[in-house]
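Report on the structure
Chain residues, written in single-letter form:
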Amino acid sequence: MRPAHIHFMVNKPGFDALVTHIFVDGDEYLDSDAVFGVRSSCIGDYVRHSAGTAPDGRRMSVPFHVLDYTFKLETLPQLAMAS
């Protein structure tokens, strides 16, 4: 069994693309992931909210979860200028 997680792909011009996943803190399978993909830096706190207004302003009629996570991208090396 795999712990619950969401996959992310983050792109920005001038930076190396990031493909990762963020696991749910407290999941019962965090310590026994079948593919050994869990690192402490890839565990997030998904906060459950009752139905209401979501962070983007939409009205949600069902409960929802919010993750506050900072993705860190590495800049791409500058290519040498051709003469």
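Scroll up for the structure.
In short, a report on the structure. (Residues numbered from 1 in each chain as written. Predicted model: local features only at pLDDT ≥ 70, side-chain atom pairs only at ≥ 80, totals over all residues. Heavy atoms only, no water.)

Some words on the sheet that holds strand β3 (residues 43-44)
Read across the open sheet, the three strands follow the order β1-β2-β3; overall the sheet is mixed. One side of each edge strand has no neighbouring strand; the edge strands of this open sheet are β1 (5-10) and β3. (Pairing = 2+ DSSP bridges. Helix = DSSP H or I, 4+ residues; strand = E, 2+ residues; numbered from the N terminus.)

What about the side chain of H21?
Looking at the element boundaries, H21 is found in strand β2 (residues 18-24). On the basis of relative accessible area, H21 is assigned to the buried category, the value being 17%. The contacts of H21, once residues within four sequence positions are left out, are R2, H5, I6, H7, G37 and C42. (Buried < 20%, exposed > 50% of the residue type's maximum accessible area, 1.4 Å probe, protein only. Contact = heavy atoms within 4.5 Å.)

Here's the deal with unusual backbone geometry
As a rule of thumb, non-glycine residues mostly have phi less than zero, and peptide bonds are mostly trans rather than cis. Of note, the phi angle at F36 is positive, near 55°, even though the residue is not glycine. Positionally, F36 belongs in the loop between β2 and β3.

Remarks on the packing of aromatic side chains
Counting across every chain of the model gives two aromatic pairs. Ring centres of F8 and F71 lie 5.1 Å apart, and the angle between their planes is 55°; this geometry places the pair in the tilted category. Remark: F71 occurs in the segment after β7 (64-67) and F8 occurs in strand β1; sequence separation between them is 63 residues. Members of the aromatic cluster, joined through ring pairs, are F8, Y69 and F71. (Phe/Tyr/Trp six-rings, centres within 6.5 Å; stacked < 30°, edge-to-face > 60°.)

Focus on the environment of M60
Within the element layout of this structure, M60 appears in strand β6 (residues 59-60). Residue M60 is classed as partly exposed on the basis of its relative accessible area of 22%. Counting along the chain gives 11 residues from M60 to H49, while the straight-line C-alpha distance between them is 9.8 Å. Discounting residues that sit within four places of it in the chain, M60 has contacts with A51, G52 and A54.

Description of the pattern of salt bridges
Inspection of the entire model under this criterion finds two salt bridges. A salt bridge links R58 to D56; its shortest N-O distance comes to 2.8 Å. The exposure class assigned to R58 is exposed, which follows from its relative accessible area of 53%. (Salt bridge = Lys/Arg side-chain N within 4 Å of Asp/Glu carboxyl O.)

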